[in-house]
Amino acid sequence: MIAAPLNPTAQGPLADEDARTEDAKLAREVARHCAAFREPIPRMAFRQVADTLLPYLILCAAMLVAAANGYALLALPLAVPAGGLLVRLFIIQHDCGHGSFLPSRRGNDWLGRALSLLTVTPYDSWKRAHALHHATTGDLSRRGTGDVHTLTVREYLALPRWGRLRYRLYRNPLILIVLGSPINFLILQRLPTGVGLPWRTAWRDVLALDAVLLAAFAVLALAAGGIGPVLWVFLPVIAVAAWVGGWLFYVQHQYEETVWEEADAWDFHRVALGGSSYYALPRVLQWFTGNVGLHHVHHLNSRIPNYRLQECLDGHEVLGRVGRLTLRDSLRCLKLALWDEEARKMVGFARVRGLQAA
């Protein structure tokens, strides 16, 4: 629960219901605090674009020149900081999709579409799918859009053997994050299916970006003397960004004390505060990830620009306590795979083996 129940000794369904009611009241009170931070500040937005986009372009240009002149291996380490900056650019695009980065809706949309050429993520389709993620997070009856596929213990036990094996493979971190994240950005985002848009709109949005990307890569290939140096630069950079982004998205909701509810018990504010983590990263990593680790604040009010999330968190003591994960804590999330309806927490497959033995 978000806060301790009023009667810690009470047990049973009524006690759980009372605790949820108190949690919902607390979450609404915190949401009112967050509403004061939703106004964009243009000078902070422009500064963030400048201190992210310019270093990113410089690093990529240096890598491309090195690769084109036979120094590809020497350029490869630069993919790490470049990938970090690409994550930060993605967060700016993400804020544009929420209409929170700039005061102007048109400005947000055009900046978001421009950045999609670097993040290789179709802006409009991702914007729509991500809005559904915010509207359904923690609702067991509306899983499947913009989230990590999660089964309950009962659902997993009801699967045939092949279904369990398939789910275990999907939840394996090597498949889900190491392989899955780059595949998602490099391949799946190139296809106008499953993106949350009407069929005609999806084709226009996704294929338009694909066409522009092909043209841009062709121009770069001509300048670099072939497609090889171009791929040597951008594939590692995008892979690094995808790994970081995939991991961040995973720990934002896949931690032990997260919240999932059936539709009749689901409450937007309570699940936003209690079901989204506060990933307390070192300052330099928080900068590269655009404060996205303050995810509970973001879910309480998605109109808060990323450059004001820390200010909002510092203004309310509850926000500094709920769902807090350190880097070490987050590593334990790797073993989690199922929502246990009885224990009301995320558990690993070891828990299921114990139930099967019993």
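Residues numbered from 1 in each chain as written. Predicted model: local features only at pLDDT ≥ 70, side-chain atom pairs only at ≥ 80, totals over all residues. Heavy atoms only, no water.

J.: How should the overall build of the protein be read in this particular structure?
T.: When helices and strands are tallied, the protein shows 17 helices and 5 strands. At 21 Å, the protein has a C-alpha radius of gyration in line with the 21 Å of a compact globule built from 358 residues. Counting only C-alpha atoms and orienting by the principal axes, one finds that the protein spans roughly 70 × 50 × 40 Å. When burial is assessed residue by residue, the protein has 49% of its 358 residues classed as buried. Taking contacts inside the protein between residues at least 6 apart in sequence as the whole, the part at least 24 apart equals 69%. Roughly 17,700 Å² of accessible area belongs to the protein as shown, and the carbon and sulfur atoms make up 64% of that amount. Here the protein contributes 37 positive and 29 negative side-chain charges, whose respective centroids are spaced 6 Å apart. (Helix = DSSP H or I, 4+ residues; strand = E, 2+ residues; numbered from the N terminus. Rg over C-alpha atoms; globule rule 2.2 N^0.38 Å. Buried < 20%, exposed > 50% of the residue type's maximum accessible area, 1.4 Å probe, protein only. Contact = heavy atoms within 4.5 Å. Areas by Shrake-Rupley, 256 points an atom, 1.4 Å probe, with all protein chains shown as cover. Lys, Arg positive; Asp, Glu negative; His and termini not counted. Charge placed at Lys NZ, Arg CZ, Asp CG, Glu CD.)

J.: What am I meant to see in the packing of aromatic side chains here?
T.: Each aromatic ring pair is characterised by the separation of its centres together with the angle its planes make. Taken as a whole and judged by the stated rule, the model has 11 aromatic pairs. Aromatic side chains Phe 90 and Phe 185 sit 5.9 Å apart centroid to centroid with 85° between the ring planes, which places their arrangement in the edge-to-face category. Placement of Phe 90 in helix H4 (residues 79-97) and of Phe 185 in helix H9 (residues 173-186) is noted, with a sequence separation of 95 residues between them. Accessibility assignment for this pair places Phe 90 and Phe 185 in one class, buried. Note on Tyr 156 and Phe 349: the rings are 5.4 Å apart at their centroids and 50° apart in plane angle, and the pair reads as tilted. Of this pair, Tyr 156 sits in helix H7 (residues 153-157) while Phe 349 sits in helix H17 (residues 349-357), placing them 193 residues apart in sequence. Each member of the pair, Tyr 156 together with Phe 349, is buried. (Phe/Tyr/Trp six-rings, centres within 6.5 Å; stacked < 30°, edge-to-face > 60°.)

J.: Help me understand the pattern of salt bridges in this model?
T.: For side chains of opposite charge, pairing can occur when their charged atoms come near one another. Taken as a whole and judged by the stated rule, the model has 16 salt bridges. Residue Glu 342 pairs with Arg 154 through a salt bridge whose shortest N-O separation is 2.5 Å. Here Arg 154 lies in helix H7 and Glu 342 lies in the loop between strand E4 (338-340) and strand E5 (345-347), a separation of 188 residues in the sequence. Arg 332 is the salt-bridge partner of Asp 329, the closest N and O atoms lying 2.8 Å from each other. By relative accessible area, which is 22% here, Asp 329 ends up partly exposed. Among the residues examined, Arg 332 registers a relative accessible area of 47% and is labelled partly exposed. Residues joined in a network through salt bridges with shared partners are Arg 154, Glu 341 and Glu 342. (Salt bridge = Lys/Arg side-chain N within 4 Å of Asp/Glu carboxyl O.)

J.: What's the story with the packing of H4 against helix H11 (residues 227-253) in this structure? I'm lost.
T.: Each pair of packed helices gets described by two things: the angle between the helix axes and the distance between those axes. Close contact between H4 and H11 brings their axes to 8 Å; oriented N to C, the two are set at 55°. In terms of axis orientation, H4 runs oblique to H11. The interaxial crossing formed by H4 with H11 has right-handed handedness. Of the residues in H11, those in contact with Ala 79, Val 80, Ala 82, Gly 83, Leu 86 and Val 87 of H4 are Pro 236, Val 237, Ile 238, Val 240, Ala 241, Val 244 and Leu 248. Looking at the contact of H4 with H11 residue by residue, the class counts come to 12 nonpolar, 1 polar and no charged. (Axes fitted to C-alpha atoms, helices over the stretch in contact; angles between N-to-C directions. Parallel < 35°, antiparallel > 145°, perpendicular 65-115°, else oblique. Left-handed = near helix turned anticlockwise from the far one by under 90°. Nonpolar A, V, L, I, M, F, W, Y, C, P; charged D, E, K, R; others polar.)

J.: What is the right way to look at H9 in this model?
T.: One turn of an α-helix holds 3.6 residues; hence residues three or four places apart share an orientation. If you check H9, its first and last C-alpha atoms are 18 Å apart, about what 14 residues at 1.5 Å a residue would give, namely 20 Å. Considering bend angle alone, the principal kink of H9 is centred on Gly 180 and spans about 50°; proline Pro 182 follows within four residues of it. Among the residues of H9, Leu 176, Ile 177, Ser 181, Pro 182 and Phe 185 are the ones counted as buried. Considering only its buried residues, H9 is in contact with H4, helix H5 (105-119), helix H8 (161-171) and H11. Capping the start of H9 is the job of one residue whose side-chain oxygen sits 2.9 Å from the backbone nitrogen of Leu 174: Asn 172. (Expected span 1.5 Å × (residues − 1). Bend = angle between axes of the 7 residues up to and from the residue. Polar contact = N/O pair within 3.5 Å; in protein donor to acceptor, adjacent residues only side chain to side chain.)

J.: How should I be thinking about the packing of H9 against H11 in this particular structure?
T.: Contact pair H9 / H11: the axes reach a minimum separation of 8 Å and the direction vectors enclose 120°. The hand of the H9/H11 crossing is right-handed. The segment H9 lies against H11, with Leu 176, Ile 177, Val 178, Ser 181, Pro 182, Phe 185 and Leu 186 engaging Leu 235, Ile 238, Ala 242, Trp 243, Gly 246, Trp 247 and Tyr 250. A per-class count over the contact of H9 with H11 returns 12 nonpolar, 2 polar and no charged.

J.: Can you walk me through the environment of Glu 261 in this structure?
T.: Secondary-structure assignment places Glu 261 in the loop between H11 and helix H12 (268-274). Measuring from C-alpha to C-alpha, the distance between Glu 261 and Arg 28 comes to 17 Å, with 233 residues separating the pair along the chain. Aside from chain neighbours lying at most four places away, what touches Glu 261 is Arg 20, Gly 138, Asp 139, Leu 140, Trp 266, Arg 270, Val 271 and Arg 344.

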